[in-house]
Amino acid sequence: MVIAMVASCTETRAPEDPFAPGVDPDGPVIDEIAVGNRLMAAGEYELAMESFTRAALTEGMTPQILTSLGTANLGLRRIGQAEPLLRRAVEDDPDWPVAWNNLGVFLMETGEYAEASQVFRRAFALDNGESDAIRDNLRLALAKMENPVNNTPKEQEFKLEQRGNGQFVLRKNPATEAEQ
């Protein structure tokens, strides 16, 4: 009886068949946004963009997908492509704090500290002050505005760090911290 069960679990393809099995149209649906967010957390921004693009094909250009694509472009240092996506996301859903936070991250990366602080304030207010990531980003923007001497290119080397649900925070690179 055990032999019959094991035999039923084996592949039905011929061993000499060089092709991969076909796609099961009734199989489980993959959440491309969740896959993209995991890829972003792993620093695989190009693969994340592909995943978010596949999500856009099925869901349309929602504010979440616009924010995700903009943040992935920011991770790839494609500043010119990131900005319109992030700005469109906050236009499409002005009450979503994650979109405002990620736009603020973009503005910090481009040295627009005054606008970034305003954007982070809005995100913080929309989130009712509950997000540590938004609070940390707001503090960093305010510190950069208050102390312009501290805005040397060496100290502006940040890395995106995901804090769940597509929300990102700026962190100093470990190499930058070691030099200080």
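Everything below is about the structure printed above this text.
Structural notes, computed from the coordinates. Keep in mind it's a predicted model, so treat the numbers as computed, not measured.

### Let's talk about helix H2 (residues 32–41)
Point 1. All buried positions along H2 are accounted for by Glu32, Ile33, Gly36, Asn37 and Met40. The arc enclosing the buried residues of H2, seen along the axis, measures out at 140°, which places them on a common side. Along H2, the residues that are exposed and aim more than 90 degrees away from the buried face are Arg38 and Ala41.
Point 2. Of the residues that open H2, the one with a side-chain oxygen 3.2 Å from the backbone nitrogen of Ile33 is Asp31.
Point 3. Gly43 lies just past H2 and shows a positive phi near 80°.

### Examining the nonpolar core
Point 1. In this structure, Phe52, Leu103, Phe106 and Phe120 are the most contacted members of the largest nonpolar core, which totals 35 residues.
Point 2. Among the secondary structure elements, those contributing two or more residues to this core are H2, helix H3 (45–59), helix H4 (63–75), helix H5 (79–92), helix H6 (97–109), helix H7 (113–126) and helix H8 (132–146).
Point 3. The dominant element in this core, judged by the number of residues it contributes, is H6, at 8 residues.
Point 4. Leaving out residues up to four positions away in the same chain, Phe52 has contacts with Glu32, Ile33, Gly36, Asn37, Met40, Ile65, Ser68, Leu69 and Ala72.

### Describing the packing of H7 against H8
Two numbers describe a pair of packed helices, the interaxial angle and the distance between the axes.
Point 1. In contact at an axis separation of 9 Å, H7 and H8 are set at 155° when each is read in the N-to-C sense. Here H7 is positioned roughly antiparallel relative to H8, judged by the angle of their axes. Relative to H8, H7 is oriented so that their crossing is left-handed. Facing H7, whose interface residues are Tyr113, Ala114, Ala116, Ser117, Phe120, Arg121, Ala123 and Phe124, H8 presents Ile134, Arg135, Asn137, Leu138, Ala141, Leu142, Lys144 and Met145.

Procedures and definitions
- Residues numbered from 1 in each chain as written.
- Predicted model: local features only at pLDDT ≥ 70, side-chain atom pairs only at ≥ 80, totals over all residues.
- Heavy atoms only, no water.
- Buried < 20%, exposed > 50% of the residue type's maximum accessible area, 1.4 Å probe, protein only.
- Helix = DSSP H or I, 4+ residues; strand = E, 2+ residues; numbered from the N terminus.
- Arc of directions from axis to C-beta.
- Polar contact = N/O pair within 3.5 Å; in protein donor to acceptor, adjacent residues only side chain to side chain.
- Core = buried A, V, L, I, M, F, W, Y, C linked by side-chain atoms within 4.5 Å.
- Contact = heavy atoms within 4.5 Å.
- Axes fitted to C-alpha atoms, helices over the stretch in contact; angles between N-to-C directions.
- Parallel < 35°, antiparallel > 145°, perpendicular 65-115°, else oblique.
- Left-handed = near helix turned anticlockwise from the far one by under 90°.

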